[in-house]
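Chains, contacts and geometry: an overview
Here are the chains, one letter per residue:
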Amino acid sequence: MLGDSKAFSSFSVDDPQKAKAFYGQTLGLEVSEVPEMQGLLQLRLAGGNVVLIYPKAKHTPASFTILNFPVSDVEQTVDKLTSQGVRFEKYDDKDIKTDAKGIARGKGPDIAWFKIKKLRLAFSRISLD
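Residues numbered from 1 in each chain as written. Predicted model: local features only at pLDDT ≥ 70, side-chain atom pairs only at ≥ 80, totals over all residues. Heavy atoms only, no water.

Turning next to the nonpolar core. Judged by nonpolar contacts, the single largest core of 25 residues is most densely connected at Tyr23, Leu43 and Leu67. Taken together, the elements giving at least two residues each to this core come down to β1 (9-13), α1 (16-26), β3 (41-44), β4 (50-55), β5 (65-70), α2 (74-83) and β7 (111-116). (Core = buried A, V, L, I, M, F, W, Y, C linked by side-chain atoms within 4.5 Å. Buried < 20%, exposed > 50% of the residue type's maximum accessible area, 1.4 Å probe, protein only. Helix = DSSP H or I, 4+ residues; strand = E, 2+ residues; numbered from the N terminus.)

See below:
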């Protein structure tokens with residue numbers, strides 16, 4: 001029934017213009033406003049994937065990772081984004097331990113998480129191709 005439907009993901013933000021600036025300028029992603037729908041943004045990802053970003057006045061941050069960005073070099077990506085003001089999460093618990101840069105190593109692929117207004121995103125060497 002839905003096998004041919006081009007499904008997409010979406011998430012809310014409390015400030016679409018700040019989200020547009022961060023995703024477009026800091027992360028270098030293609031972000032555009034949806035002309036016929038005031039306040040909505042389209043985030044175009046590699047491979048043709050599209051994510052809809054919508055404003056929500058009483059936005060509640062997700063407690064889980066909402067986007068994963070596979071990269072060839074996690075440490076280089078972390079260093080570059082850190083120099084642009086992005087702060088990576090630091091974990092020191094039973095399940096996840098990160099180093100001083102915020103990179104978890106040794107249990108599976110290297111991975112680093114960061115939050116934007118409490119939206120959790122990740123960079124890793126994992127690819128689903």
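We are not done yet, so read on.
Within α2 the residues assigned to the buried category are Val74, Thr77, Val78 and Leu81. The arc that holds the buried residues of α2, viewed along the axis, is 100°, so those residues lie on one side. In this structure, α2 carries Gln76, Lys80 and Ser83 as exposed residues pointing more than 90 degrees from its buried face. Capping the start of α2 is the job of one residue whose side-chain oxygen sits 3.2 Å from the backbone nitrogen of Glu75: Asp73. Positive backbone phi, approximately 95°, marks Gly85, located one or two places after α2. (Arc of directions from axis to C-beta. Polar contact = N/O pair within 3.5 Å; in protein donor to acceptor, adjacent residues only side chain to side chain.)

What follows covers the pairing of β7. In terms of residue burial, β7 counts as a mostly covered element, since five of its six residues are buried. Examined bridge by bridge, strand β6 (residues 103-104) and β7 share two bridges and lie antiparallel to one another. By the bridge assignment for β7, Ala104 is matched with Ile111. (Pairing = 2+ DSSP bridges.)

The next subject is the packing of aromatic side chains. This model, assessed by the stated rule, comprises five aromatic pairs. Geometrically, the ring pair formed by Phe22 and Tyr23 is edge-to-face, given 5.7 Å between the ring centres and 85° between the ring planes. Of the two residues, Phe22 and Tyr23, neither departs from the other in class, the shared state being buried. Cluster of aromatic residues (ring-pair linked, three or more members): Phe11, Phe22, Tyr23, Phe88 and Phe114. (Phe/Tyr/Trp six-rings, centres within 6.5 Å; stacked < 30°, edge-to-face > 60°.)

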